[in-house]
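Breakdown of the fold
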Amino acid sequence: DVLTQRRQGSFYWYKPEGSESSYGIFYRVVRGDGPIPDSQPLLLIHGMPVSSYDWYKVLPGLKKVYQRIIVPDLLGTGLSDKPPDYDYTCVGHADVLEQLMSHLGVAQVHIMSQSVGVSIGHELLAR
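To start, this report covers the structure provided alongside it. Per chain, residues are indexed from 1 in the order of the written sequence. Confidence filtering applies because this is a predicted model: local features only for residues at pLDDT of at least 70, side-chain atom pairs given and counted only at 80 or more, and all residues used for totals across whole chains, interfaces and linings. As a rule here, side-chain values cover all heavy atoms of the structure and leave hydrogens and water aside.

1. Notes on the packing of aromatic side chains
Each Phe, Tyr or Trp ring, with Trp reduced to its six-membered ring, pairs with another whose centre is within 6.5 Å; inter-plane angles below 30 degrees give stacked pairs, above 60 give edge-to-face pairs, and intermediate values give tilted ones. The full count for this structure, using the stated rule, is five aromatic pairs. Here Tyr23 and Tyr86 contribute two aromatic rings whose centre-to-centre distance is 5.9 Å and whose plane-to-plane angle is 75 degrees, an arrangement assigned as edge-to-face. A residue pair is termed long-range when its members are at least 10 positions apart, and Tyr23 in strand β2 (residues 23–31) and Tyr86 in the loop between β4 (68–72) and α3 (90–103) qualify at 63 residues. Here Tyr23 matches Tyr86 in class, with each residue buried. Note on conventions: DSSP H or I runs of at least 4 residues are helices, E runs of at least 2 residues are strands, and numbering of each starts at the N terminus. In this scheme, a residue with accessible area under 20% of its type's maximum is buried, one over 50% is exposed, and one in between is partly exposed, where area comes from a 1.4 Å probe on protein chains only.

2. Description of the sheet that holds β4
Strands qualify as paired when DSSP identifies two bridges or more between them. Taken together, the five strands give an open sheet; going across it, the order is β1-β2-β4-β3-β5, and neighbouring strands pair in mixed fashion. Each of the sheet's edge strands pairs with one partner strand only, and the pair in question is β1 (10–14) and β5 (110–113). Averaged over all adjacent pairs, the angle separating strand axes in this sheet is 30 degrees, with direction ignored. The pairing of strand β3 (residues 42–45) with β5 spans four bridges and is parallel. For Leu43, the partnering residue across the bridge sits in β5 and is Ile111. Here, two residues are considered to be in contact whenever any of their heavy atoms come within 4.5 Å of each other. What counts as an axis is a line fitted to C-alpha atoms, over the stretch in contact for a helix, and the angles between N-to-C directions run from 0 to 180 degrees. Against the sheet, α3 engages β1, β2, β3 and β4, with an angle of about 120 degrees to β1.

3. So, the pairing of β2
The two faces of the sheet receive side chains in turn, since in a regular strand these alternate between them. By the criterion of burial, β2 is predominantly enclosed, with seven of the nine residues buried. With five bridges connecting them, β1 and β2 associate as antiparallel partners. Residue pairing for β2: Phe11 is matched across the bridge by Phe26. In this structure, β2 lies alongside β4, joined through five bridges in antiparallel fashion. When the sheet's bridge partners are listed, Arg31 is paired in β4 with Arg68.

4. Description of helix α4 (residues 116–126)
Those residues of α4 that sit buried are Gly117, Ile120, Gly121 and Leu124. What you see down the axis of α4 is that its buried residues fit within an arc of 100 degrees, all on one side. Opposite the buried face of α4, by more than 90 degrees, sit the exposed residues His122, Leu125 and Ala126. Where the residues of α4 are buried, they touch β3, α3 and β5. Note that the arc is computed from the directions linking the helix axis to the C-beta atoms.

5. Here we look at unusual backbone geometry
Of note, the bond from Met48 into Pro49 is cis; its omega dihedral lies within 30 degrees of zero at 0 degrees. Turning to its location among the elements, Pro49 is positioned in the loop between β3 and α2 (59–62). A positive phi angle, close to 55 degrees, is found at Ser115, a residue other than glycine. On the secondary structure map, Ser115 appears in the loop between β5 and α4. In this structure Ser115 comes out as exposed when scored by relative accessible area, which is 52%.

Encoded structure:
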């Protein structure tokens, strides 16, 4: 449930370039026992207008493949902040996720995405 998800997660404070504001990005790091090592985690990028909670049914299977799965709520969704003045674009969401990966010390990541998350994933791959 969502309360359990909240207790298992953390917030990364994202500050857009040139902004005086910081926004809380909720994320969870789910541990698995799969053969793909912790150094090559899976990033799950959900679609709109849903949240990371959408992944709960597939997480048990993914935990058999990956040792670390990063499950964020995109800005404006789920438990992340919902600033009214933010420019919600695929490029903007990719900026947030790129900074979150850096914060977590992730240099390489596998990506699984759905809906608009696919476009955000493409933006990350293009970088």
